[in-house]
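Breakdown of the fold
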Amino acid sequence: MTPASKRPVVVTGSVALDTVKTAKGRCKDVLGGSAVYFSMACRFFHPVQLIGAVGADFPGSMKKLLAGCEIDLTGLEELPGKTFRWSGEFGPDLQNPQTLSTALNVIEHFRPKLKPAHKNPSVAFLANIDPELQWEVLSQLEKADLVACDTMNFWINQKKPAIKELLAHIDIFFLNDSEAKQLTGKANLLEAARTVKTWGPRIVAVKKGEHGSLILAQDNFYAYPAYPTESVVDPTGAGDSFAGGFLGYLASHGCDIEDPVLLKRALLHGSVMASFTVESFSTERLESLKPAEIHKRYHQYLEMMAVDLIPAFAR
Ligand code: AMP
């Protein structure tokens, strides 16, 4: 068996043409989708293979861009029909978007067939998409050191039982605060996370937008602020980039989620990646990003949170 550090991360999810409006402007039919944002962040830490489907209308330039970012597209199928489209609008607080329209298009009938090269990843991420499709990918994996997934209100409304079934087989579950409340009916986030954890996942990662994240792992929980950035242009994809940084970092450092230090470092790298994503529409900021910028921001973030740990009696 090839060691985890040499095996890629596999992601399945949406590859989309997004139309988004925020207080900072609007964009139409731009590159988006849960699997795209995830891959664009993960690639800085670990090789990533994308399993998904697009329609005949998916621009060649976007495929070229993804390939140019060294994302393995051998699992990206082009099917007759149109590419998945999502349209949303963010209010002035730039928190949860209002979905204006969702057109599943080719994703509605997509039945992924994994190639042998996709079946033994170090980490498999079932990004936000139909939970039945997430299940189909999961059931074709032969071995993965870690399996993680995400979902959203659209699927919770339509397919909650399928999500609960999937969660019994998941190591890390990512969801945002409103989804945690919607899924469990609990108003307190920690209580909601604990409830979700009883359904199967070893770790529950609750994303709270500009307020950071809450991670429930084993018997511990960790809460971190988001990296504060002044230029929030479009928060679309922040959650998927958070997962991309988090899981990419874990994949490149051995996947031991029982190690609290590794887990915290992974979490902080996830937050750093999300903070870059929100600085532009679509994946623009992630396209131009350099590893040195990630490194610099990670250290600024650590410094921002550091406190003097010298015990009071030693002063
Ligand atoms: P997030 O990281 O949660 O902001 O995810 C944003 C991405 O999710 C957008 O680029 C959308 O294309 C994609 N998306 C929106 N709705 C859905 C859906 N119902 N299923 C899968 N992907 C979606």
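Our structure is the block above this text.
Report follows, based on the coordinates. (Residues numbered from 1 in each chain as written. Predicted model: local features only at pLDDT ≥ 70, side-chain atom pairs only at ≥ 80, totals over all residues. Heavy atoms only, no water.)

A closer look at the side chain of Ser213
Condition: The numbering of helices and of strands both runs from the N terminus, where a helix is a DSSP run of H or I of at least 4 residues and a strand a run of E of at least 2. Burial classes: relative accessible area under 20% of the type maximum marks a residue as buried, over 50% as exposed, and values in between as partly exposed (1.4 Å probe, protein chains only). Note on definitions: a residue-residue contact is assigned when non-hydrogen atoms from the two residues lie within 4.5 Å.
Counting through the fold element by element, Ser213 comes out in strand β12 (residues 213–217). Here Ser213 falls in the buried class, since its relative accessible area comes to 1%. Discounting chain neighbours no more than four positions away, the residues touching Ser213 are Val206, Lys208, Tyr222, Ala223, Tyr224, Phe242, Leu267 and Ser271.

As for the packing of helix α5 (residues 177–184) against helix α6 (residues 189–197)
If you want to describe how two helices pack, look at the angle between their axes and the distance between the axes. Quick note on the threshold: Axes here mean lines fitted to C-alpha atoms, for a helix over just the part in contact, with angles spanning 0 to 180 degrees between N-to-C directions. Convention used here: angles under 35 degrees read as roughly parallel, angles over 145 as roughly antiparallel, angles from 65 to 115 as roughly perpendicular, and any remaining angle as oblique. Take the far helix as your reference; a near helix turned counterclockwise from it by less than a right angle gives a left-handed crossing, and one turned clockwise gives a right-handed crossing. Ten residue types, Ala, Val, Leu, Ile, Met, Phe, Trp, Tyr, Cys and Pro, are classed as nonpolar, four, Asp, Glu, Lys and Arg, as charged, and the remainder, Gly among them, as polar.
One can describe the packing of α5 onto α6 by two numbers: an axis separation of 9 Å at closest approach and a directional angle of 60°. Between α5 and α6, the interaxial angle falls into the category oblique. Crossing of α5 against α6: the hand is left-handed. Contacts between α5 and α6 pair Asp177, Ala180, Lys181, Leu183 and Thr184 from the former with Leu189, Ala192, Thr195 and Val196 from the latter. Partitioning the contact of α5 with α6 into residue classes produces five nonpolar, two polar and two charged.

Here we look at the site of the ligand
Let me state the cut-off plainly: We call a residue near a molecule or strand as soon as one heavy atom of that residue lies within 4 Å of the molecule or strand. Distance and chemistry together define a polar contact, namely a pair of N or O atoms within 3.5 Å, with one atom able to donate a hydrogen and the other to accept it when in protein, and with adjacent residues in sequence counting only for side-chain atoms on both sides. Reported accessibility uses the Shrake-Rupley method at a 1.4 Å probe radius. Residues are deemed covered only where the shown protein chains occlude them.
In the vicinity of the ligand there are 18 residues, among which Ser14, Asp18, Gly33, Gly237 and Asp240 approach most closely. In the model, an oxygen atom of the ligand is placed 2.7 Å from a nitrogen or oxygen of the Gly33 main chain. One of the backbone N or O atoms of Gly239 is found 3.2 Å from an oxygen atom in the ligand. Its free accessible area being 510 Å², the ligand has 88% of it covered by the protein chains. Among the elements of the structure, β2 (16–22), β6 (84–89), α4 (153–167) and α7 (238–252) are those that each provide at least two residues to the shell around the ligand. It is α7 that contributes the most residues to the shell around the ligand, three residues altogether. In the shell around the ligand, the residues fall into nine nonpolar, seven polar and two charged.

Regarding the sheet that holds β6
Put simply, the rule is: Two strands make a pair as long as DSSP finds a minimum of two bridges between them.
Across the sheet, four strands lie side by side as β3-β2-β6-β7; this open sheet has mixed pairing. Only two strands of the sheet have a single partner each, and these edge strands are β3 (25–32) and β7 (98–103). The average angle at which neighbouring strand axes cross in this sheet is 15°, direction not considered. With five bridges joining them, β6 and β7 adopt antiparallel strand pairing. Its bridge partner lying in β7, Gly88 is registered against Thr99. Most of the contacts of helix α2 (residues 60–68) go to β3, to which it runs at about 70°, and overall it touches β2 and β3.

Topic: the sheet that holds strand β5 (residues 72–79)
If you trace the nine strands from one edge of the open sheet to the other, you get β5-β4-β1-β8-β9-β10-β11-β12-β13, paired in mixed fashion. Two strands lie at the open edges of the sheet, namely β5 and β13 (220–224), each paired on one side alone. Looking at each pair of strands side by side, their axes are set apart by 15° on average, direction ignored. One ladder, built from four bridges, connects strand β1 (residues 9–12) with strand β8 (residues 123–126); its direction is parallel. By the bridge assignment, Val9 is partnered in β8 with Val123. The sheet strands contacting helix α8 (residues 260–277) are β11 (203–207), β12 and β13, and the helix crosses β13 at an angle near 30°.

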